[in-house]
Amino acid sequence: MNIHFPKAPIKYNSKIPNELIYKKRMTAKSGITYDEYVMFNKNGKVIGLMDTVMEDIRPLVGNEFYPSLNFKKFKSLYIDYIESKQKGTGTKLLDYAQIVSKKQGGKGRFHLIASDRFNRRRPAHIFYRKYGLESPSFSVINDIDSVIKKKATIADIYLIDIPMYFIPKKTKSANNNGLSLVKNILKFFKK
């Protein structure tokens, strides 16, 4: 048996990321296939979990998550379950959900049900709203915004499970390009 070793040492990036994500394809008892993402830290400790499935949103049929954006169907990543076991992990999981959504044709969109069943003192609604999620449940969103602006406390409002969605905002440069185009058109007509 001949074993060949490289003549020069192999160069590699020795910096290990702080978090690693493992994806596993799962099948529920109902037969639905979904993706489970498990986030680990450098020591191998599980610090977050997320179960997702890509869905087709059909506005004409009616959808509880998104307002009627237009009449075309589109894709959005549904987050069925998310759990953060360490501060900052929830944000990293939602950031990763945007990446997964983009890779699967959802353009960074995702949706979920916000619930306070797991922690009534720190309901997920507020975290999701601070991240940028919206909801068709406008009265609950107004209450959540009051808590965020410190005009109310959690005890002052009644939270229910609500559908929430995330649509990535356009980047500043994209908005500036649009504004500069409008400014150029206005300059043309002023002459």
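To be clear, the structure that these remarks concern was listed above.
Asker: Which residues make up the packing of helix H1 (residues 89-103) against helix H2 (residues 124-131), and what values do they have?
Answerer: Between H1 and H2, the least distance of the axes is 11 Å, while the angle of their chain directions is 55 degrees. With respect to H2, the axis of H1 lies oblique. Once H1 is placed against H2, the crossing between them reads as right-handed. The segment H1 lies against H2, with Gly90, Thr91, Leu94, Asp95 and Gln98 engaging Phe127, Tyr128 and Tyr131. Residue composition of the contact of H1 with H2, by class: four nonpolar, three polar and one charged.

Asker: Describe a positive patch on the surface, listing the residues and the values that go with them.
Answerer: Among the surface-exposed residues, Lys87, Arg122, Lys130 and Lys150 lie close enough to one another that they form a single positively charged patch. Inspection of the secondary structure puts Lys150 in the loop between helix H3 (138-148) and strand S6 (162-166).

Asker: Give me the lowdown on H2, citing residues and values where you can.
Answerer: When H2 is considered as a whole, its buried residues turn out to be His125, Ile126, Tyr128, Arg129 and Tyr131. On its buried face, H2 sits against strand S4 (74-84), H1, strand S5 (110-114), H3 and S6. Residue Gly132 follows H2 closely and has a positive phi angle near 125 degrees.

Asker: Outline the environment of Ile79, listing residues and values.
Answerer: Looking at where Ile79 falls in the secondary structure, it is placed in strand S4. Assessed through its relative accessible area of 3%, Ile79 is described here as buried. Residues Ile79 and Asp51, 28 residues apart in the sequence, show an inter-C-alpha distance of 5.9 Å.

Asker: Report on H3, specifying residues and quantitative values.
Answerer: Regarding H3, the residues found buried are Val140, Ile141, Ile144, Asp145 and Val147. Down the axis of H3, the smallest arc covering the buried residues is 155 degrees, so these residues share one side. The outward face of H3, more than 90 degrees from its buried face, is lined by the exposed residues Phe138 and Ser139. In this structure, the buried side of H3 is in contact with H2 and S6. Among the residues trailing H3, Lys150 stands out with phi positive, at a value near 65 degrees.

Asker: How would you sum up the packing of aromatic side chains? Please name residues and give values.
Answerer: In total, this model carries five aromatic pairs according to the counting rule given. A centroid spacing of 5.0 Å and a plane angle of 20 degrees characterise the contact between Phe110 and Phe166, whose relative ring orientation is stacked. Highlighted residues: Phe110 in strand S5 and Phe166 in strand S6, separated in sequence by 56 residues. An identical accessibility class is assigned to Phe110 and Phe166; each is buried. Look at Tyr131 and Phe166: their rings are 5.3 Å apart centre to centre, the planes differ by 50 degrees, and that puts the pair in the tilted class. Taken together, the positions of Tyr131 in helix H2 and Phe166 in strand S6 put the pair 35 residues apart, joining distant regions of the chain. Exposure remark for Tyr131: the relative accessible area of 16% places this residue in the buried category.

Asker: Summarise the environment of Gly108; cite the residues concerned and give the values.
Answerer: Within the secondary structure layout, Gly108 lies in the loop between H1 and S5. In this view, Gly108 contacts Gln98, Ser101, Lys102, Phe166 and Pro168; residues no more than four positions away in its chain are not counted.

Asker: Requested: an account of the side chain of His111, with residues and values cited.
Answerer: Along the polypeptide, His111 turns up in strand S5. Here His111 falls in the buried class, since its relative accessible area comes to 0%. Side chain to side chain, His111 and Glu55 meet in a polar contact 2.9 Å long.

Asker: For the sheet that holds S5, give the residues involved together with the corresponding values.
Answerer: On the basis of which strands lie adjacent, the open sheet formed by six strands has the order S1-S2-S3-S4-S5-S6 and mixed pairing. Single-partner strands in this sheet number two, and they are strand S1 (19-27) and S6. Across the sheet, the mean angle separating the axes of adjacent strands is 30 degrees when strand polarity is ignored. Where S5 meets S6, five bridges bridge the pair, whose relative direction is antiparallel. Looking at the pairing, Leu112 lines up with Met164 of S6. Sitting on the sheet, H1 is in contact with S1, strand S2 (33-41), strand S3 (46-57), S4, S5 and S6, with an inclination near 155 degrees to S4. H2 rests against S4, S5 and S6 of the sheet, and its axis sits at about 20 degrees to S6.

Cut-offs and rules
- Residues numbered from 1 in each chain as written.
- Predicted model: local features only at pLDDT ≥ 70, side-chain atom pairs only at ≥ 80, totals over all residues.
- Heavy atoms only, no water.
- Axes fitted to C-alpha atoms, helices over the stretch in contact; angles between N-to-C directions.
- Helix = DSSP H or I, 4+ residues; strand = E, 2+ residues; numbered from the N terminus.
- Parallel < 35°, antiparallel > 145°, perpendicular 65-115°, else oblique.
- Left-handed = near helix turned anticlockwise from the far one by under 90°.
- Contact = heavy atoms within 4.5 Å.
- Nonpolar A, V, L, I, M, F, W, Y, C, P; charged D, E, K, R; others polar.
- Patch = residues over 30% accessible without salt bridge, like charges linked within 9 Å, V, L, I, M, F, W, Y side chains within 5 Å.
- Areas by Shrake-Rupley, 256 points an atom, 1.4 Å probe, with all protein chains shown as cover.
- Salt bridge = Lys/Arg side-chain N within 4 Å of Asp/Glu carboxyl O.
- Lys, Arg positive; Asp, Glu negative; His and termini not counted.
- Charge placed at Lys NZ, Arg CZ, Asp CG, Glu CD.
- Buried < 20%, exposed > 50% of the residue type's maximum accessible area, 1.4 Å probe, protein only.
- Arc of directions from axis to C-beta.
- Phe/Tyr/Trp six-rings, centres within 6.5 Å; stacked < 30°, edge-to-face > 60°.
- Polar contact = N/O pair within 3.5 Å; in protein donor to acceptor, adjacent residues only side chain to side chain.
- Pairing = 2+ DSSP bridges.

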